[in-house]
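Now for the letters of each chain:
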Amino acid sequence: MDKKKKLRAKKFLILSLKISIGSCIAIYIANMMQLEFAASAGIITLLTIMTTKWETLKLSFYRLLTFIFSVGVLWLIFQFINQEWMAYGLFIFVLVLICEWINWKSTISVNAVIGSHFLMTHDFSNSFIINEFLLVAIGISIAIIMNLFQNATSQKAAITKNMRYTEKKLQFILDELANYLFNKHVGRNVWDDIISLEEDLAEFVEKAYEYQNNTFYSHPSYYIHYFEMRTKQFNVLHNLHYEMKKLRNIPKQATIVAEYIMYLKEYVTELNDPIEQIEKLNQLFEQMGEEELPKSREELEGRAKLYHILMDLEEFLIFKKRFVDSIDEEQFKIYWRKEVEQKVDAG
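Residues numbered from 1 in each chain as written. Predicted model: local features only at pLDDT ≥ 70, side-chain atom pairs only at ≥ 80, totals over all residues. Heavy atoms only, no water.

The helix and strand inventory of the protein stands at 13 helices and zero strands. Going from the N terminus to the C terminus, the protein shows its helices and strands as α-α-α-α-α-α-α-α-α-α-α-α-α. Among the 347 residues that make up the protein, the fraction classed as buried is 43%. Of the contacts made within the protein by residues no fewer than 6 positions apart, 77% connect residues no fewer than 24 positions apart. Here the protein has roughly 19,300 Å² of accessible surface; of this, 60% comes from carbon and sulfur atoms. (Helix = DSSP H or I, 4+ residues; strand = E, 2+ residues; numbered from the N terminus. Buried < 20%, exposed > 50% of the residue type's maximum accessible area, 1.4 Å probe, protein only. Contact = heavy atoms within 4.5 Å. Areas by Shrake-Rupley, 256 points an atom, 1.4 Å probe, with all protein chains shown as cover.)

The structure is reproduced here in structure tokens:
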């Protein structure tokens, strides 16, 4: 079993343990309170526990709101329809229709369970409504408590590792592209590296969102923006590779571009503000403009493609520059100044 599968299996194991333990506790509390349909408290816990803290909190709030709505709809329906199967069917129809409309469809399952209790008892007394409310309250409360146990430190360490991995991958792809312009033999298939990184970045963005939703702070959005920025840069390299593949003959000016790419790859790091790299690229544009004019159609086409490559590199740097400019003061103190100070101390 590879490392990714082991991590995924560990994640599912922890989630399964939280759901099973939480469900048992919810049923135990409901039994201690002598509530009717006590087992439903465990089912509600199972249906409410999600992968992140914020998802569980939001879902719990929505379920409390829709509980009130569901009881009202049930009471109204049972005033006019005596057949249980028809009344319940109409209730589910209204519940699904409204929840889908307001995008709260995740609340349907719990309210369907509660609705079945009213279907079986036909009891709309205050005591039974309180009984049902307590089942929901116990179920979602235990779910919230169970989801407080999140290993945020481990998640953060994994994200940081993914950041360094992404940077090395981008550097490696840039190195391969530069070698192509140097007309050197490239031992690896660049396309395989690009596809591999594309799959990894999609997973890294998802994990960054998950980490943010497992904290009660706003600053972890930094990681989301970081990986989204790297994804955009990856797309640029994808296009860059495509442009290079269209070069039938490597122009002599390609060496200048290749040297710049070799220079650039060293600055594909988290804490780099690409001001100098953009300035040097502008100088390269000027240098290319001073080159001798093409003497053949083939040379003209090759030169034009090189300009396209430079423009792609410019876009690559602009995405990083926009990311740096978007970092707010709090994020700068937490993610940049701290790292800079650590590097200075280490030096």
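From this point, the narrative continues.
With that out of the way, let us pick up the pattern of salt bridges. Applying the stated criterion to the full structure yields nine salt bridges. Salt-bridge contacts for K321 lead to D273; the nearest nitrogen and oxygen are separated by 3.1 Å. Taken together, the residues K321 in helix α12 (residues 297–326) and D273 in the loop between α10 (254–265) and α11 (275–289) connect sequence positions 48 residues apart. Salt bridges sharing partners connect three or more residues here, namely R164, E167, R230 and E270. (Salt bridge = Lys/Arg side-chain N within 4 Å of Asp/Glu carboxyl O.)

With that out of the way, let us pick up the packing of helix α3 (residues 53–80) against helix α4 (residues 84–101). Contact geometry for α3 and α4: axes closest at 10 Å, N-to-C directions at 145°. In this structure, the crossing between α3 and α4 has a hand that is right-handed. Contacts between α3 and α4 pair T66, F69, S70, V73, L74, I77 and F78 from the former with A87, L90, F91, V94, L95, I98 and C99 from the latter. In terms of residue class, the contact of α3 with α4 is built from twelve nonpolar, two polar and no charged. (Axes fitted to C-alpha atoms, helices over the stretch in contact; angles between N-to-C directions. Left-handed = near helix turned anticlockwise from the far one by under 90°. Nonpolar A, V, L, I, M, F, W, Y, C, P; charged D, E, K, R; others polar.)

In the contact formed by helix α2 (residues 39–48) and helix α5 (residues 108–121), the axes pass within 9 Å of each other and the chain directions differ by 165°. Classified by the angle their axes make, α2 and α5 are roughly antiparallel. Crossing of α2 against α5: the hand is right-handed. Facing α2, whose interface residues are S40, I43, I44 and L47, α5 presents S109, V110, V113, I114 and H117. Class assignment for the residues of the contact of α2 with α5 results in six nonpolar, three polar and no charged. (Parallel < 35°, antiparallel > 145°, perpendicular 65-115°, else oblique.)

What follows concerns the confidence of the model for the protein. Where the model shows low pLDDT, its predicted coordinates should not be examined in detail. Residues of the protein with pLDDT of at least 70 account for 87%, and the chain-wide mean is 85. Considering each helix and strand of the protein separately, the mean pLDDT is smallest for helix α13 (residues 329–346), with a value of 64, and largest for helix α6 (residues 126–146), with 94. Predicted confidence is poor over residues 340–347, with pLDDT under 50, and the contacts of this stretch with residues over four places away or in other chains come to two contacts. (pLDDT = per-residue confidence, 0-100.)

The subject of this paragraph is the side chain of H117. Position of H117 relative to the elements: it lies in helix α5. Assessed through its relative accessible area of 3%, H117 is described here as buried. Beyond its immediate stretch of four places on either side in the chain, H117 contacts F37, S40, F128, E132 and L135.

Of note, N213 is situated in helix α8 (residues 190–213). When its relative accessible area of 23% is taken as the criterion, N213 is described as partly exposed. The spatial distance from the C-alpha of N213 to the C-alpha of E55 is 7.1 Å, given a sequence separation of 158 residues.

Core analysis: the largest hydrophobic core is formed by 52 residues, its most contacted members being L181, F227 and L313. No other element matches the eleven residues that helix α9 (residues 221–245) contributes to this core. In this structure, L313 is in contact with L240, V257, Y260, I261, L264 and L281, ignoring residues within four places of it in sequence. With 33 residues, the next largest nonpolar core counts L35, L135, I142 and A143 among its residues. (Core = buried A, V, L, I, M, F, W, Y, C linked by side-chain atoms within 4.5 Å.)

The next point concerns a nonpolar patch on the surface. Among the surface-exposed residues, L13, L17, I21 and I25 lie close enough to one another that they form a single nonpolar patch of about 340 Å² accessible area. Residue placement: L13 occurs in helix α1 (residues 3–32). (Patch = residues over 30% accessible without salt bridge, like charges linked within 9 Å, V, L, I, M, F, W, Y side chains within 5 Å.)

Turning next to the packing of aromatic side chains. For the structure on display, the rule yields 21 aromatic pairs. Ring centres of F118 and F128 lie 5.2 Å apart, and the angle between their planes is 85°; this geometry places the pair in the edge-to-face category. Of this pair, F118 sits in helix α5 while F128 sits in helix α6, placing them ten residues apart in sequence. Take F118 and F128: they sit in the same class, and that class is buried. (Phe/Tyr/Trp six-rings, centres within 6.5 Å; stacked < 30°, edge-to-face > 60°.)

Okay, the environment of Y267 next. With respect to the secondary-structure elements, Y267 resides in the loop between α10 and α11. As for Y267 and E167, which are separated by 100 residues in sequence, their C-alpha atoms are 9.4 Å apart. Apart from residues no more than four positions distant in its own chain, Y267 is found in contact with N272 and Q277.

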